Amino acid sequence: MALTQGARNKIKSFVQSAKRLLMKEFADQIQQYYGIRLDGSYLMVEELTTKDGSVIQTARLLRERLDYLEDTIAGSNKKEEAVEQLVREQAFTILNRFAALRMAEERQIIPETIKQGYNSEGFQVFDQLSGGAQTAEQFERYNWFLKAMFDELAIDLPAVFDRFSPYALLFPSEKVMLELLDIINDEDLSIYREEGQQPMNLWEEDETIGWVYQYYNSREEISAMRDASGAPRNSRELAVRNQFFTPRYVVQFLVDNSLGRQWFEMTKGQTSLVNDCQYMVKREQEIFLDKGEVIPEAKIEGANYIEYRALKDPREILMLDPACGSMHFGLYCFDLFEQIYTEAWDNHPELMPDLRDKHLREDYIKRIPGYILQYNIHGVDIDPRAIQIAGLSLWLRAQKSYKKLGLQPAGRPMIKKSNLVVAEPMPGDADLLSEFTRSLPGPIGKLVRVIWDKMQLAGETGLLLKIEDELKNEIEIAKQEYETYKDASAQTALFDAPAESKAAEMAAIYGKDQKISKDFFDTAEEEVLKALKSFSENAEGEHAFQKLLFAEDTARGFAFIELCRKRYDVIVMNPPFGAGSISTENYYKNNFPNWGKNILCCFFSRMNSLLDSTGNLGSIYDRTVLIKSSYESFRIDSLIGRITHLIDTGWGVLDANVETTATIQSKFENNAYGVFINLQNDNKKEDSLFDYVKNTVKQKWMKSSDFMNLPNAVIGYDWDDDIVRLFGKFNSNN
C-alpha cells in the first residue's frame, strides 16, 4: 500500500532533521580536525598539529577528494562548491547507512544494531564476544561493531556500505551519533498513527528509503536553485530539480501494461499475472494469433486480435529506467519478474535448459532474486546518491523474497551483480589518464583517450549521451587506421615532412612493434577493465587513493557504455523535463532536432532508439507536450501512431506544480487502437483508474494515428469522435 501524505511528511521531517545535524557536524569536523576551510582553502597536511595517524590519513584522503570534486564542477566558484558537495555527500552516506541498518533490522536481515543504541542486542553480543569492555570506551567499541556490520553488508552492497568509499570518509562524534539515533528511533516512525488508518512501522515499508532520497533536498533548496538560474548549472542541480517520486498506482499501470502485458502475450494469456496485474487493461475478448498468422478479413466483432509474440527466456527480458532515482519502477518490476521466472520453470520446459541441467526446482527458486538483479533490471542516474538508494532498495526487496522462502541470512545466495550505473564523466586527471593508457596496447589506449573526451557530458546528459554510437564510429576509424599502419615503422627523422611524422605517430600506435591480437577490437572493453584492475591493485605511494578513484570511475564509465549498447523490452521512466544544463544545449540541438528546449523530448527519442523492436516505452510526464503547438514535430515523431495506453492524470500526481500524463507506446508507428482514460477532474485518481481498467464500457479506444489529422497534430483523444473523423476526411481529400 502506498504511504499516505501524513506518513510521507513524517519521513520528510526526520530526513531534514538528520541532514541538518550531520551537515553541521561534518562542516565543523573538516575545519576543526582536518584544516579544511569552508571557502575551499586548506592547510597542508604537514601543518596540522595532530600526531594521530588516522586523522592525518583521513586529512590526506579528504584533500584528494576535494581536488577530485573540483575537476567535476563547472563555473568559477569551484573550491567552495567542492567543500559543500563533500559535506553533503558525507552526510547523506551516513544517513543512508543508518536508515538502511534500521530497515534491515526490521526485516531480521541483521541482528538488532541501532534500534536501542548501545543497548541493541547485536552490540551486546559483539561486546561480550570481543571482550571489548576491558580495552576501550563504549563509543569506540560501538564504532567497531558498526564497522563490522558495514563490512558484512558491503559484500552485497558495496555502493552503500564500503568503508573505504570516498563518500564515507567521515563519521559523527559520539554526541551527534546519539542524537542521530534518537531521531531515527523516534516512536512515530516505528509506530506511525493516522486517523482512519492502521498503525504502521515506516521502517518496514519498501517505499520509505525512496522518500529518504526524495526529501534529502528541501523545496527551499530547489527554489533557491531556480532563483539563481533558469537552467540547471550542473548535474547536481539537474538531478535535484527533477527529483519527483512516482505514485505507486502510476508505476503499476505503466509496468502492468508493458512488462506484464508482454508476458501475458508471450504465454497467450496463460499466466497468473492476468490477475496479479490489477491495472492491466484487457478487452472482453482477446484472440492470440499464432506465428505467421494474420488478422482474418472476417473479424469477430468486438474482438481484440493480438499479434504473435515469441516466448523468451526470462533472463532475456530486459527492463530499463533511464532516470531511476530510488528505483520505484524497478521494485515493482521485481515483483512481476519473480512470477515470470517461476512460471517459466513450471509451465515452459523448453526454456532455460542450462539452468535445468544444473539445478533442481527448489535451488532454482532460491536463485531467482539474484537472476533478476543480474539480468533483468537496469537503472541509470546522474546522481550517485540515487544509485546508492536504488541499490539498497533492490537489495532489501531481494532479502524480502529470501525471508519469504524461509532462508536464514547466512544461507541466502550472494547478490553477485546488478546493473545500476551512475552517468558521470570519466576522471579528469590528465596525468593519471596518460599513465594508465601507457599500460594498454596502442590502439586500445587511443580508443580509451577518445572515450574519455566523449564522456565529459555524461554527468549532465545521462543516457541521452549516445556514447555507443561514438564508440562504434571510433572503432571503425581505428580498424581502418590499423589496416593502413599495421606494418609501418615508428622511426622518425628530425626533418620529416608532416605526412611522414603522422605515419610514424600512427605506427607507434598500430605498427608491427605493438602486440595486437587479431580480435583486439572485439575484446577492447575486456582489456581495459583487466588493466584497470591491475592499475588499482598496484596503486601505492602518495597518489594511491587517486588511482583507486580513477580506476573505479573508469570501470563505471565502461559499465555505462555497456548498458547503452543493450536493447530493452521495457523502458519505464519519470524523465526530467524543462531546460537542460547550460553546457549541454548545443549537444541536444545537434543530436535531437525536435527537442524544443525541453529534455523530455530528448528522452523520448533516445529511449525509443534503445527499445527492442517489439518493446514498450512507459512514461509519466508534463502533459503540455500533448497540446502545445511548439511541440507539434515532437508529437509527430515520438507519439502519434505509437500510443497503446494513455491516462491523463492532470494536477496533483507528482510533488511539483505540473499537470501530468502517462503513456505506454510501441517502438514503431502502426495503425493499432489504444485506450485513453481521462482522470484530470478525478479527486481519487487511483480508485477511478482501477474502475476504468475493470469496466470496459467506460474505456475509450481509438487510433493515435488519427491525431495526425488534427490541428497541430494535438493529442485530441477527448475531442468528439465525429470531429476527429471530419478532420480525417478533410485531410484525405486534400
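Residues numbered from 1 in each chain as written. Predicted model: local features only at pLDDT ≥ 70, side-chain atom pairs only at ≥ 80, totals over all residues. Heavy atoms only, no water.

Q: How should I be thinking about the sheet that holds strand β5 (residues 419–422) in this particular structure?
A: By definition, the strands of a sheet pair up through backbone hydrogen bonds, in either a parallel or an antiparallel sense. Read across the sheet, 9 strands follow the order β5-β4-β3-β6-β7-β9-β8-β10-β11 without closing on themselves; strand pairing throughout is mixed. The two strands at the open ends of the sheet, each matched to only one other strand, are β5 and β11 (700–703). Between one strand and the next, the sheet's axes are offset by a mean angle of 15°, whatever the strand orientation. Pairing of strand β8 (residues 643–650) with strand β10 (residues 673–678), which is carried by 4 bridges, proceeds in the parallel orientation. For aspartate 648, the partnering residue across the bridge sits in β10 and is asparagine 678. Packed onto the sheet, helix α12 (residues 248–266) meets β6 (568–573), β7 (611–622), β8 and β9 (660–666) and runs at close to 170° relative to β7. Running at roughly 165° to strand β3 (residues 319–321), helix α14 (residues 328–347) makes contact with β3, β4 (377–381) and β6 of the sheet. (Pairing = 2+ DSSP bridges. Helix = DSSP H or I, 4+ residues; strand = E, 2+ residues; numbered from the N terminus. Axes fitted to C-alpha atoms, helices over the stretch in contact; angles between N-to-C directions. Contact = heavy atoms within 4.5 Å.)

Q: Would you take a moment to explain the pattern of salt bridges for this structure?
A: It is possible for side chains bearing opposite charge to pair when their charged atoms get close. Enumeration according to the criterion identifies 35 salt bridges in this entry. Notably, a salt bridge pairs arginine 88 with glutamate 84, separated by 3.9 Å at the nearest N-O pair. On the criterion of helical spacing, the pair formed by arginine 88 and glutamate 84 is a turn pair, its members being 4 residues apart in helix α3 (residues 78–106). On the accessibility criterion, arginine 88 (12% relative accessible area) is buried. On the basis of relative accessible area, glutamate 84 is assigned to the partly exposed category, the value being 39%. Between lysine 312 and aspartate 569 there is a salt bridge, with the nearest N and O atoms lying 2.5 Å from each other. Of this pair, lysine 312 sits in the loop between β2 (303–306) and β3 while aspartate 569 is found in strand β6, placing the two residues 257 residues apart along the sequence. The exposure class of aspartate 569 is buried, given its relative accessible area of 2%. What emerges from the salt-bridge pattern is a single network uniting Arg102, Glu105, Glu106 and Lys115. (Salt bridge = Lys/Arg side-chain N within 4 Å of Asp/Glu carboxyl O. Buried < 20%, exposed > 50% of the residue type's maximum accessible area, 1.4 Å probe, protein only.)

Q: Would you mind showing me how to read the side chain of glutamine 388 here?
A: Relative to the assigned elements, glutamine 388 resides in helix α17 (residues 384–404). Once residues lying within four places of it in the same chain are set aside, the contact partners of glutamine 388 are Phe92, Thr93, Asn96, Ala159, Val160 and Tyr167.

Q: Help me understand the environment of lysine 19 in this model?
A: Structurally, lysine 19 is set in helix α1 (residues 5–32). For lysine 19, a relative accessible area of 6% translates into the label buried.

Q: Looking at this structure, how should I read the pairing of β2?
A: Side chains Ala303 and Tyr305 of β2 all project onto a buried face; the interleaved residues Asn304 and Ile306 project onto the opposite face, where all are buried too. When strand β1 (residues 285–288) meets β2, the two strands line up parallel, connected through 4 bridges. Paired with phenylalanine 288 across the bridge in β2 is isoleucine 306.

Q: Is there a simple way to explain the side chain of aspartate 648 in this structure?
A: With respect to the helices, strands and loops of the structure, aspartate 648 is situated in strand β8. Looking at aspartate 648, its side chain comes within polar contact range of the side chain of tyrosine 717, at 2.6 Å. For aspartate 648, the residues in contact, after removing those within four places along its chain, are Arg623, Leu626, Thr660, Thr661, Ile677, Asn678, Leu679, Gln680 and Tyr717. (Polar contact = N/O pair within 3.5 Å; in protein donor to acceptor, adjacent residues only side chain to side chain.)

Q: Please explain the confidence of the model for the protein as it appears in this structure.
A: Note that predicted coordinates carrying low pLDDT should not be read in detail. Scored by pLDDT, the protein has a mean of 86; 86% of the residues are at 70 or more. Taking the mean pLDDT of every element in the protein, the minimum, 56, falls on helix α22 (residues 498–510) and the maximum, 98, on β6. In the predicted structure, residues 492–496 sits below a pLDDT of 50 and forms 2 contacts with residues beyond four places in sequence or in another chain. (pLDDT = per-residue confidence, 0-100.)

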